[in-house]
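Residue-level structural notes
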Amino acid sequence: MKILVVGGGAREHAFAWKLSRERNVTDVLCAPGNPGVEGVARCFPADPGNPAEALAIARRERVDLTLVGPELPLSRGIVDLFASHHLAIVGPSAAAAELESSKAFAKDFMARHQVPTARFRVCDSADAALAGIARGEFGYPVVIKADGLAAGKGVAIADDRAAAEEAIRVAMVDRRFGAAGARIVLEEFLAGQEASYFVLADGVACMPLSSAQDHKRVYDDDRGPNTGGMGAFAPSPLVTPDVERRVLDEIVRPVLDGMQREGRPYRGFLYVGLMLTTDGPKVIEFNVRFGDPEAQVMLPMLDEDLSWLLGEAATGALPSRPAHFRREPHVGVVLAAGGYPDSVETGKTIEGLAAAEQVPGAIVFHAGTSRRDGRIVTSGGRVLTVVGRGQTYRDAIDMAYAAGSLIHFDGMQFRRDIGRKALVVSG
Ligand code: AMP
Ligand code: GLY
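Definitions and limits used
- Per-chain numbering applies: the sequence of each chain, read as written, is numbered from 1 onward.
- Chains and ligands are labelled sequentially in the order written, the chains with letters from A and the ligands with numbers from 1.
- pLDDT decides what is reported in this predicted model: residues at 70 or higher carry local features, side-chain atom pairs at 80 or more are listed and counted, and totals for whole chains, interfaces and linings draw on all residues regardless.
- Values shown for side chains rest on all heavy atoms present in the structure; no hydrogens or waters enter the calculation.
- Helical segments are the DSSP runs of H or I of at least four residues, strand segments are the runs of E of at least two, and each set is numbered from the N terminus.
- Expected helix span is given by 1.5 Å per residue-to-residue step, counting one fewer step than there are residues.
- Throughout, exposure labels follow a simple rule: accessible area from a 1.4 Å probe, protein chains only, divided by the maximum for the residue type, with under 20% read as buried, over 50% as exposed, and the rest as partly exposed.
- Only strands joined by at least two bridges in the DSSP assignment are considered to pair.
- Only heavy atoms are used to decide nearness, and a residue is near a molecule or strand if one of them lies within 4 Å of it.
- Polar contacts here mean pairs of N or O atoms no more than 3.5 Å apart (in protein, one a potential hydrogen donor and the other a potential acceptor; neighbouring residues in sequence count only if both atoms are side-chain atoms).
- By the convention adopted, Pro, Cys, Tyr, Trp, Phe, Met, Ile, Leu, Val and Ala count as nonpolar, Lys, Arg, Asp and Glu as charged, and the other residues, Gly among them, as polar.
- Axis definition: a line fitted to C-alpha atoms, over the contacting stretch in the case of helices. Angles run 0 to 180 degrees between N-to-C directions.
- For patches, a residue must show more than 30% relative accessible area and have no salt bridge; joins then use 9 Å for like charges and 5 Å for nonpolar side chains, namely Val, Leu, Ile, Met, Phe, Trp and Tyr.
- The Shrake-Rupley method, run with a 1.4 Å probe sphere, supplies the accessible areas, and residue values consider only the shown protein chains as cover.
- Here, a salt bridge means any Lys or Arg side-chain nitrogen found within 4 Å of an Asp or Glu carboxyl oxygen.
- Any two rings among Phe, Tyr and Trp, with Trp reduced to its six-membered ring, count as a pair given centres within 6.5 Å; such a pair is stacked if its planes are under 30 degrees apart, edge-to-face if over 60, and tilted if neither.

Quick look at helix H8 (residues 161-173) now. Residues spaced three or four apart along an α-helix face the same direction, because each turn holds 3.6 residues. Taking 1.5 Å of rise per residue, 13 residues should cover 18 Å, and H8 covers 17 Å from first to last C-alpha, within 8% of that figure. For H8, every residue scored as buried is listed here: Ala 164, Ala 167, Ile 168, Val 170, Ala 171 and Met 172.

This is the structure we're talking about:
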């Protein structure tokens, strides 16, 4: 089987790494990939935001199956494009990808199908939003979300009316998130702990995968601005068998049934961002793809062939049993460039990669790296994810940090508390 992975981050490196170790996979291709992916796949230059480029590669190279990592090509209809050329691909159509690309669609959809989520109001103008705030209908803090894709930056949590009005102005008047802020969602603040749950769906059936926890804020103890994710661990000890059953029964099943009834059958990975409240699990957001950095910790735990699962998902033949996952916890620490998540300096030489890769059991996944004069240099905000595993969360944390401590580049920053939340719950 010849498989093309679309994307060039650490999540796509983890996909390519997993696929390259499978017996049925003869060839892994990645567009565009990165220097780390080159160790396990053939990389082709491509703009992942332009579905036509991936299509050209898939046709020229005669790939059997394509897997899409990031949300942008999905929201731009890469799956629809491949389907119109009768090429097998795993991911949601642009219509189904609206679960992520429009928070207003996702919220209205959840309301239509009684999926538990925060109370909300969709506002099409700044005046409507300001009027909602003036009525104080959600109390404080109140959550203000830009409707469209904003790379994790379009969400503000406002503690009082002035902060809420400012957040509305930033999104809707200043348009800091561009067209994503043409509509906003006002939302009740949910108290609780956050975890994520993942399934793979084939349009009708769904295979439960497993849970994880991300660390979205840039600094230790969840301080500082939101990022794409500074580290993750899996599984989440908060997602007990009882929580998992509720997530599947109360959220995943109604979502997949509802999408099918509304003519947008959902195929691909579904990432359910959860707040575990005293009223049970509620949806904070959907992502229509695997998480990054969640993929880096979860794919090494998958104890069966990903290529087989993808093939079954692409043809609508996915079994409904849970996927087989190893029980050993995995922890991934993101090494980011100085300045991230704001503007970052690039071109810094990365030292110690080979030494980190030699730590037994540890894996180094590349994201913002590139090759220059025979060296590997930084080329983005999130540069690497270093993954450790162990019998316990403690062991996995120690392995990730032991390997990470061997790597260095100018300005490198990382959180020192990745996985600590798992220790608090699990001892
Ligand atoms: P999102 O981009 O929707 O995942 O939101 C980013 C972050 O904002 C989430 O990871 C939560 O920490 C926080 N958040 C979003 N919505 C809510 C909510 N209704 N209540 C509390 N926190 C929220
Ligand atoms: N880790 C959060 C995301 O992938 O959106």
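Back to the text.
Another aspect to go through is the pairing of strand E9 (residues 184-188). Regular strands place their side chains on alternate faces of the sheet. Of all the five residues making up E9, five are buried; the element is thus mostly covered by neighbouring parts of the structure. Covered by surrounding structure in E9 are Ile 184, Leu 186 and Glu 188 together with Val 185 and Glu 187, the residues of both alternating faces. By the bridge criterion, four bridges tie strand E6 (residues 120-123) to E9 in an arrangement that is antiparallel. Within E9, the residue paired with Phe 120 across the bridge is Glu 187. Taken together, the five bridges between strand E7 (residues 142-146) and E9 define a ladder with antiparallel strand orientation.

Time to look at the site of ligand 2. In the neighbourhood of ligand 2, the contacting residues comprise Asp 214, Gly 228, Tyr 271, Asn 287, Arg 289, Gly 291, Asp 292, Pro 293 and Glu 294. At a separation of 3.3 Å, a nitrogen atom of ligand 2 approaches a polar backbone atom of Gly 228. Asn 287 is positioned with one of its side-chain polar atoms (N or O) 3.4 Å from an oxygen atom of ligand 2. For the shell around ligand 2, the class distribution of residues is two nonpolar, three polar and four charged.

Next up on the list: the environment of Asp 342. Checked against the element boundaries, Asp 342 lands in the loop between strand E17 (330-336) and helix H12 (353-357). Along the backbone, Asp 342 and Gly 411 are 69 residues apart, and their C-alpha atoms lie at a distance of 13 Å.

Next up on the list: the sheet that holds strand E21 (residues 382-389). As summarised here, the arrangement of the eight strands in space is E16-E15-E10-E11-E14-E17-E21-E18, forming an open sheet in which the pairing is antiparallel. With partners counted over all chains shown, the strands left at the sheet margins are strand E16 (280-287) and strand E18 (363-366), one partner each. The mean inter-strand angle of the sheet, taken between neighbouring strand axes irrespective of direction, is 25 degrees. Relative to E16, strand E15 (residues 266-277) runs antiparallel, the two being bridged by seven bridges. Paired with Gly 273 across the bridge in E16 is Glu 285.

Next up on the list: a nonpolar patch on the surface. On the surface, Val 155, Ile 157 and Phe 189 cluster together to form a nonpolar patch covering roughly 240 Å² of accessible area. Relative to the assigned elements, Ile 157 resides in strand E8 (residues 155-158). Among the residues examined, Ile 157 registers a relative accessible area of 48% and is labelled partly exposed.

Attention now goes to the environment of Asp 249. For Asp 249, the location among the structural elements is in helix H9 (residues 241-261). Under the relative-accessibility criterion, Asp 249 is labelled partly exposed at 48%. Separated by 134 residues in the primary sequence, Asp 249 and Val 115 have C-alpha atoms spaced 9.9 Å apart.

A few words on the pattern of salt bridges. The full count for this structure, using the stated rule, is 36 salt bridges. When the shortest N-O distance is used, the salt bridge between Arg 183 and Asp 147 registers 3.4 Å. A residue pair is termed long-range when its members are at least 10 positions apart, and Arg 183 in the loop between H8 and E9 and Asp 147 in the loop between E7 and E8 qualify at 36 residues. Three or more residues joined by partner-sharing salt bridges are found here, namely Asp 27, Arg 42, Arg 60 and Glu 61.

With that settled, the discussion passes to the packing of aromatic side chains. Summed over all chains, the structure comprises nine aromatic pairs. Taken together, the aromatic side chains of Phe 15, Phe 198, Phe 269, Tyr 271 and Phe 290 make up a single cluster linked through ring pairs.

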